[in-house]
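Residues per chain are reported as follows:
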Amino acid sequence: MPARFWILTSWNLLLAIVPVLLALVFARLANRERLSVLRAAGLVIAGLAWLAFLPNTCYLLTEWRHFLETLDATNLYLRARMNSATTLWLMAYTAFYFLYSGFGMLCFALAIRPVAAVLRRIRLNLVIPGVLLFGALAVGVYLGLILRFNSWDLITRPNEVLASVLELGQRPLLSMFLIVFAAFLWLGYVVVDIWAVSYTHLRAHETVLDLVCRLLLEKKKTNYKEEHTRTPEQIKIQLTNDN
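Residues numbered from 1 in each chain as written. Predicted model: local features only at pLDDT ≥ 70, side-chain atom pairs only at ≥ 80, totals over all residues. Heavy atoms only, no water.

As a further point, take a nonpolar patch on the surface. A contiguous nonpolar surface patch, about 410 Å² in accessible area, is contributed by V127, I128, V131 and L132. If you trace the backbone, I128 turns up in helix 7 (residues 127-145). (Patch = residues over 30% accessible without salt bridge, like charges linked within 9 Å, V, L, I, M, F, W, Y side chains within 5 Å. Areas by Shrake-Rupley, 256 points an atom, 1.4 Å probe, with all protein chains shown as cover. Salt bridge = Lys/Arg side-chain N within 4 Å of Asp/Glu carboxyl O. Helix = DSSP H or I, 4+ residues; strand = E, 2+ residues; numbered from the N terminus.)

Written out as structure tokens, the structure is:
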């Protein structure tokens, strides 16, 4: 892989982490008992910045286009069918993109959960904010992927961004696609959130006995794996030492 690929990948990962940090700042400010004018201003700034950077998380789902472009340009799939080394490279390349996009969805969920918790605490119905949020996210991904806008263009090029959003009203087919994509993002968030809640709930209610049993089971699995993956040379050395 060229150095440019890794630079862009690292940059995209960094942009995906930013809304997670902003969500934590927003939640921390919102959880204070007294809300001063300065803290209220911080909430507004953190909230707007969070919304501007949030599309960078689910944007990583679209990076699969580079994977498909590489397959097409290099005939990697056909080459992998004829060469075992190329097959391993294809498997590693595919696994990388699964982890890459998976990291984006994880950041996506982690960035929304603290804000959703704040809204639940003030007993706000999340349906309408959810429709607006995921609709805005779908539009944000479109602006970044197709029109190549960045999050900071909301400040540096606000008129162009606004004109591009308003233009969607004249393109009903594209608007319908973005609605479907917004529903997909909402479903993806719900799935990841359910998994995170279930895992957290199980670990939070784990007793001391459960913890001991889990650690013993993990140790047993490790010992079993080591026992059945030893080479003949290692077994011979072990028998020699025993004698």
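In this structure, the largest pocket encloses a volume near 850 Å³. For the largest pocket, the lining is made up of 36 residues, of which N56, Y59, G144, F149 and N150 are closest to its centre. Broken down by secondary-structure element, the contributors of at least two residues to the lining of the largest pocket are helix 1 (3-30), helix 2 (37-53), helix 3 (55-58), helix 4 (64-74), helix 6 (84-121), helix 7 and helix 8 (153-156). What lines the second largest pocket is a set of 19 residues, among which I112, L119, P129, G130 and L133 lie closest to the centre. Counting only elements with at least two residues in the lining of the second largest pocket, the list comes to helix 2, helix 6, helix 7 and helix 10 (172-204). The residue makeup of the lining of the second largest pocket, split by class, is 15 nonpolar, two polar and two charged. (1 Å grid on protein atoms, 1.4 Å probe; cavity = no way out; pocket = protein on both sides within 12 Å on 5 of 7 lines; lining within 4 Å. Points joined across faces, edges and corners; volume = space filled by probe spheres on them. Nonpolar A, V, L, I, M, F, W, Y, C, P; charged D, E, K, R; others polar.)

Attention now goes to unusual backbone geometry. Residues other than glycine seldom take positive phi values, yet N75 does so here, at roughly 55°. Even without a glycine there, the phi angle at R148 is positive, about 60°. Within the secondary structure layout, R148 lies in the loop between helix 7 and helix 8.

A few words now on the pattern of salt bridges. Evaluated as defined, the whole model comprises three salt bridges. Ionic pairing is found between E63 and R65, a salt bridge with its closest N-O pair at 3.0 Å. Judged by relative accessible area, E63 falls into the buried class, the value being 6%. On the basis of relative accessible area, R65 is assigned to the partly exposed category, the value being 24%. Residue E160 is joined to R157 by a salt bridge in which the shortest nitrogen-to-oxygen separation is 2.8 Å. (Buried < 20%, exposed > 50% of the residue type's maximum accessible area, 1.4 Å probe, protein only.)

What follows deals with the nonpolar core. The biggest cluster of nonpolar side chains holds 53 residues, and the ones touching the most others in it are W50, L54, F108, I112 and F134. Elements with a minimum of two residues in this core: helix 1, helix 2, helix 4, helix 5 (76-82), helix 6, helix 7 and helix 10. Ranked by the residues each element gives to this core, the list is headed by helix 6, at 13 residues. (Core = buried A, V, L, I, M, F, W, Y, C linked by side-chain atoms within 4.5 Å.)

If you trace the backbone, V139 turns up in helix 7. Here V139 falls in the buried class, since its relative accessible area comes to 19%. Apart from residues no more than four positions distant in its own chain, V139 is found in contact with V165, L168 and L178. (Contact = heavy atoms within 4.5 Å.)

Packing of helix 4 against helix 6 brings their axes to within 10 Å, and their N-to-C directions diverge by 165°. The orientation of helix 4 relative to helix 6 falls into the category roughly antiparallel. In the crossing of helix 4 with helix 6, the sense of the turn from one axis to the other is right-handed. Residues W64, H66, F67, T70 and L71 of helix 4 touch helix 6, and the partners they reach there are L90, Y93, T94, Y97, F98 and S101. For the contact of helix 4 with helix 6, the class distribution of residues is seven nonpolar, four polar and no charged. (Axes fitted to C-alpha atoms, helices over the stretch in contact; angles between N-to-C directions. Parallel < 35°, antiparallel > 145°, perpendicular 65-115°, else oblique. Left-handed = near helix turned anticlockwise from the far one by under 90°.)

What follows deals with the side chain of D153. Looking at the element boundaries, D153 is found in helix 8. Note on D153: relative accessible area 5%, which makes it buried. In contact with D153, other than residues within four places in its own chain, are R148, P158 and V161.

Along the polypeptide, N12 turns up in helix 1. Judged by its relative accessible area of 14%, N12 falls in the buried class. Here N12 is in contact with L60, E63 and Y100, once residues within four sequence places are set aside.

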